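# Coordinate inspection notes
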Amino acid sequence: MCCDLKRRFLLLYATQKGQAKAIAEEIWQQAGAHGLEADMHCISEMDKYNLETEKDPVVIVISTTGTGDPPDTARKFVKKIRDTTLPPDHFAHLQYGLLGLGDSEYTFFCNGGKTVDRRLQELGAQHFYDTGLADDCVGLELVVDPWIDGLWLALKEAFVLQKEKEGMSSDAVSSALSAAPYVGHELNLSSEVQNLKLEDERVRSSDVLTQKLVDIHLVASTRDTEPSLVHSVPPVSQSALNIPALPPDYIEVQFQDTHGENPHLSSLISEGTTFEVPVTKAVQLTREDAIKTALLLELDIADTVFDYQPGDAFCVICPNNVSEVEELLHILGLSEKGEHFVCVKVKQGTKKKGAAHPQHIPERSTLKFILTWCLEIRAIPKKAFLRALVECTSDAGEKRRLQELCSRQGASDYTRFIRDSNVCLLDLLHAFPSCKPSLNLLIEHLPKLQARSYSASSSNLHQPGKLCFVFNIVEFPACPARPVSRKGVCTGWLAKLVAPLLHPNKNALDTKGESSSTEKISIFARPNNTFHLPADPSVPFMMVGPGTGISPFIGFLQHRQKLREDHTDWEFGETWLFFGCRHQDRDYLFKDELRCFLENGTLTHLKVCFSRDSSTAEVAPPKYVQDVIRLYAKEVARVLLKERGYFYVCGDKKHMADGVSDAVADILSMEMEVDRLEAMKILAMLREAKRYLQDVWS
């Protein structure tokens with residue numbers, strides 16, 4: 001009976017950037033050692049599974065993208081299950097467990113998973129295992145690891161119930177399941193100098209794959225009492241370690257000649273039509289002594305069919321830093337091979353489930369093209385990558401430290417020295433010089449280089465054929481884990497690209513940032529379905545946008561100004577803008593433009609604050625926009641409640657948008673004379689009605 005017993009479960013994943021897929025692959029890999037068969041598919045592959053007839057347990061791993069949307073790969077699935085004609089018992093036969101991935105920095109945390117979970121419940125599906133919600137803000141592994149650990153017992157119980165329904169003895173099922181080959185999932189290591197031994201009591205029943213013991217003789221220096229990226233202290237340095245199973249390799253790279261052409265950048269993008277457009281203007285909006293440098297770029301889209309509304313975002317396709325690519329080639333010993341074409345294929349006989357050619361890697365291109373345009377070499381290495389790097393490291397001490405960083409016992413060290421320090425592959429290779437990974441390993445573990453999203457800071461109605469956007473040049477200062485400072489991948493590249501426009505030749509005619517420069521960038525649209533002006537121009541609205549968060553509101557106001565000029569007989573609602581920055585004379589963005597909007601009546605109220613300017617007033621002025629908003633409590637309540645107006649927030653999530661949300665909730669509580677909980681419910685209703693809207697980033 002053991003041999004005939006069916007122990008299959010369906011494993012579906014919906015991923016945007018690869019996280020959910022990687023976790024599903026980990027579940028698939030562990031399942032085999034538990035005597036289970038995980039039938040794994042991307043949730044978009046609806047021709048390969050059928051939930052309507054599925055009898056076995058279903059495990060779903062799903063991420064969240066944008067402001068709370070399911071990932072692109074889940075759109076068709078979500079649309080299908082949202083069909084309002086489906087009866088409430090449509091999935092009454094279905095048993096499932098769901099793991100949602102999200103980021104609590106954003107308002108609609110794990111909403112992709114919650115959306116699917118809620119709808120499956122509405123259609124009669126039953127949980128065989130509690131839903132897990134993992135938070136990328138603090139570390140997905142804090143929820144993912146224990147959730148996977150508990151999955152196996154839950155599946156075992158689900159199989160018992162399943163067979164009971166089919167009339168089979170639960171004892172027979174239980175004994176058959178326990179007869180499945182058991183081996184520990186993780187490598188259990190000890191750094192004690194005397195000897196290493198597998199501590200059976202530390203390997204829990206949830207562990208799946210036992211790997212060979214590695215004898216490590218590591219003597220920690222008594223001088224080093226503080227942990228760092230390369231050094232651990234007790235208890236981690238003396239602990240037996242539970243490390244992930246080694247991911248199977250699946251990519252094969254063949255070097256070819258130097259003849260041929262690289263693919264066009266548009267072939268790397270699946271999200272929509274790509275447009276190559278010239279940068280016609282660049283202006284530095286901040287003074288040289290400002291803490292952050294903000295730039296405005298103007299793109300010429302006149303010769304394209306690119307269209308947008310104020311409030312929309314678009315994506316810029318950007319390359320990795322040239323010097324970092326060269327440095328990586330040097331460390332890999334491939335400097336002479338940079339211009340050689342490589343052919344990337346799936347390795348024959350690989351043990352990786354569903355191994356496929358990565359969609360973001362061209363079938364044929366130069367090595368330098370792959371490292372420049374295809375792979376996110378700045379990505380924070382995941383634990384599976386660290387585990388793979390262990391096998392490429394020859395020094396025993398370095399090997400042990402990498403094992404610690406990917407282990408459960410070293411979770412806090414991973415968070416502190418890798419995740420929070422924004423450490424990337426280059427930093428690791430400098431810190432662990434005996435680590436010499438292969439090129440195929442990088443292609444397997446480095447994620448796709450993502451295009452960067454920016455809010456439009458203009459109106460096509462006001463400036464036909466032009467698209468403007470604003471950004472701060474992101475700076476990553478040096479730290480112990482990262483000895484060199486770096487600029488953001490995209491903002492650093494853009495700043496360098498437009499330097500001739502910002503600092504034109506002194507002998508040239510002063511064009512105030514305009515140029516006939518032929519520098520072009522590739523962009524594609526990412527429309528925002530909700531962050532738009534009210535359809536009815538008579539409806540009042542309030543905008544909160546400190547720093548570069550003001551960007552979309554410049555487009556709003558340009559659009560409103562043009563409408564006022566073209567439709568003098570229309571009724572227009574009042575407009576409010578709350579703006580804040582550090583110093584009035586250093587980083588007050590669009591100061592002159594805002595004054596003009598005020599003077600011509602486009603902007604009714606402008607309220608500003610400056611957090612770092614000193615004041616001689618008896619009562620200190622408010623420092624932050626959330627403080628200013630509280631001063632206008634009655635006006636906020638009137639616009640939102642009595643006049644059914646809109647409230648827009650754009651900018652930093654943690655340090656601003658949450659504070660604004662709290663301020664508005666306090667205002668609603670005070671003005672409506674209700675308790676805080678009731679006020680939060682009202683605010684939630686405003687969000688649901690798309691009248692309290694956010695465009696925020698962490």
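Residues numbered from 1 in each chain as written. Predicted model: local features only at pLDDT ≥ 70, side-chain atom pairs only at ≥ 80, totals over all residues. Heavy atoms only, no water.

We now examine the side chain of S232. Note that S232 resides in the loop between β7 (187-189) and β8 (241-243). We classify S232 as buried; its relative accessible area is 6%. A distance of 2.8 Å separates polar atoms of two side chains, one belonging to S232 and the other to E404. (Helix = DSSP H or I, 4+ residues; strand = E, 2+ residues; numbered from the N terminus. Buried < 20%, exposed > 50% of the residue type's maximum accessible area, 1.4 Å probe, protein only. Polar contact = N/O pair within 3.5 Å; in protein donor to acceptor, adjacent residues only side chain to side chain.)

Moving on, we get to the confidence of the model for the chain. With 89% of its residues at a pLDDT of 70 or more, the chain shows a mean pLDDT of 87. Counted against residues more than four places away or in other chains, residues 179-223, with its pLDDT under 50, gives 109 contacts. (pLDDT = per-residue confidence, 0-100. Contact = heavy atoms within 4.5 Å.)

Turning our attention to unusual backbone geometry. For the peptide bond that leads from P234 to P235, omega is 5°, which places it in the cis range. Position of P235 among the secondary structure elements: in the loop between β7 and β8. Look at C110: it is not a glycine, yet its phi comes out positive at around 55°. If you trace the backbone, C110 turns up in the loop between β4 (95-102) and α3 (111-122). Positive phi, normally seen in glycine, also occurs at R644, with a value near 50°. Residue position: R644 is located in the loop between α18 (633-642) and β23 (646-652).

Tracing the backbone through its elements, the reader meets E326 in helix α6 (residues 322-331). By relative accessible area, which is 35% here, E326 ends up partly exposed. Sequence separation between E326 and G338 is 12 residues, and the spatial gap between their C-alpha atoms is 8.5 Å.

Quick look at empty space enclosed by the protein now. Over the atoms a probe the size of a water molecule is rolled, and this reveals where empty space is left. Counted by the stated rule, this structure contains 1 cavity of 30 Å³ or more. By volume, the largest cavity amounts to about 100 Å³. Taken together, L268, I269, I317, C318, H360, W373, C374, K448, L449, Q450 and A451 form the lining of the largest cavity. (1 Å grid on protein atoms, 1.4 Å probe; cavity = no way out; pocket = protein on both sides within 12 Å on 5 of 7 lines; lining within 4 Å. Points joined across faces, edges and corners; volume = space filled by probe spheres on them.)

As summarised here, the arrangement of the 5 strands in space is β22-β21-β20-β23-β24, forming an open sheet in which the pairing is parallel. Two strands close off the open sheet at either side, each with one partner strand: β22 (605-610) and β24 (692-697). Pairs of neighbouring strands in the sheet enclose a mean axial angle of 10°, with direction left out of account. Across 4 bridges, strand β20 (residues 541-544) lies against β23 in parallel orientation. Note on β23: the bridge partner recorded for V544 is V649. Here helix α19 (residues 653-672) sits on the sheet and contacts β20, β23 and β24; the angle it forms with β23, its principal contact strand, is near 155°. (Pairing = 2+ DSSP bridges. Axes fitted to C-alpha atoms, helices over the stretch in contact; angles between N-to-C directions.)

In space, the 3 strands of this open sheet follow the order β9-β13-β14, with antiparallel pairing throughout. Edge positions in the sheet fall to β9 (251-255) and β14 (364-366), since each of these pairs with one other strand and no more. Strand-to-strand twist of the sheet, defined as the mean angle between neighbouring strand axes without regard to direction, takes the value 35°. Relative to β14, strand β13 (residues 341-346) is paired through 3 bridges, and the arrangement is antiparallel. Across the sheet, residue F341 finds its bridge partner in β14, namely T366. Across the sheet, helix α7 (residues 367-374) lies against β9, β13 and β14, angled at about 90° from β14, the strand it touches most.

The next thing to look at is the environment of V639. Looking at where V639 falls in the secondary structure, it is placed in helix α18. Residue classification places V639 among the buried positions, given a relative accessible area of 1%. Sequence separation of V639 and G573 is 66 residues, and the distance between their C-alpha atoms is 9.9 Å.

On to the packing of aromatic side chains. By the definition in use, this model includes 25 aromatic pairs. Aromatic side chains F9 and W152 sit 6.5 Å apart centroid to centroid with 65° between the ring planes, which places their arrangement in the edge-to-face category. You can see F9 sitting in strand β1 (residues 8-14) and its partner W152 sitting in helix α4 (residues 141-165), a full 143 residues away along the chain. Both residues of the pair, F9 and W152, count as buried. Summarising the aromatic geometry, the rings of F541 and Y648 are spaced 5.9 Å apart at their centres and angled 90° between planes, so their arrangement reads as edge-to-face. One end of the pair, F541, is in strand β20; the other, Y648, is in strand β23, and 107 residues separate them in sequence. Like Y648, F541 is buried. One aromatic cluster is present, formed by F275, F306, Y308, F314, Y454, F469 and F471 through successive ring pairs. Here the guanidinium or amino end of K337 rests over the ring plane of F255, the centre of that ring lying 5.1 Å away. Its guanidinium or amino end placed over the ring of F572, R564 lies 6.0 Å from that ring's centre, counting from NZ or CZ. (Phe/Tyr/Trp six-rings, centres within 6.5 Å; stacked < 30°, edge-to-face > 60°. Lys NZ or Arg CZ within 6 Å of the ring centre and 35° of its normal.)

Scanning the model with the defined rule gives 36 salt bridges in all. When the shortest N-O distance is used, the salt bridge between E404 and R401 registers 3.0 Å. Linking E404 with R401, this pair stays in helix α9 (residues 396-406), spanning 3 residues, or about one helical turn. Across the pair, R401 and E404 agree in class, each one buried. Between R638 and E643 there is a salt bridge, and its shortest N-O distance comes to 2.8 Å. The class of R638 is partly exposed, set by a relative accessible area of 25%. Each of R8, D39, E54 and D56 takes part in salt bridges that share partners, so that together they form one network. (Salt bridge = Lys/Arg side-chain N within 4 Å of Asp/Glu carboxyl O.)

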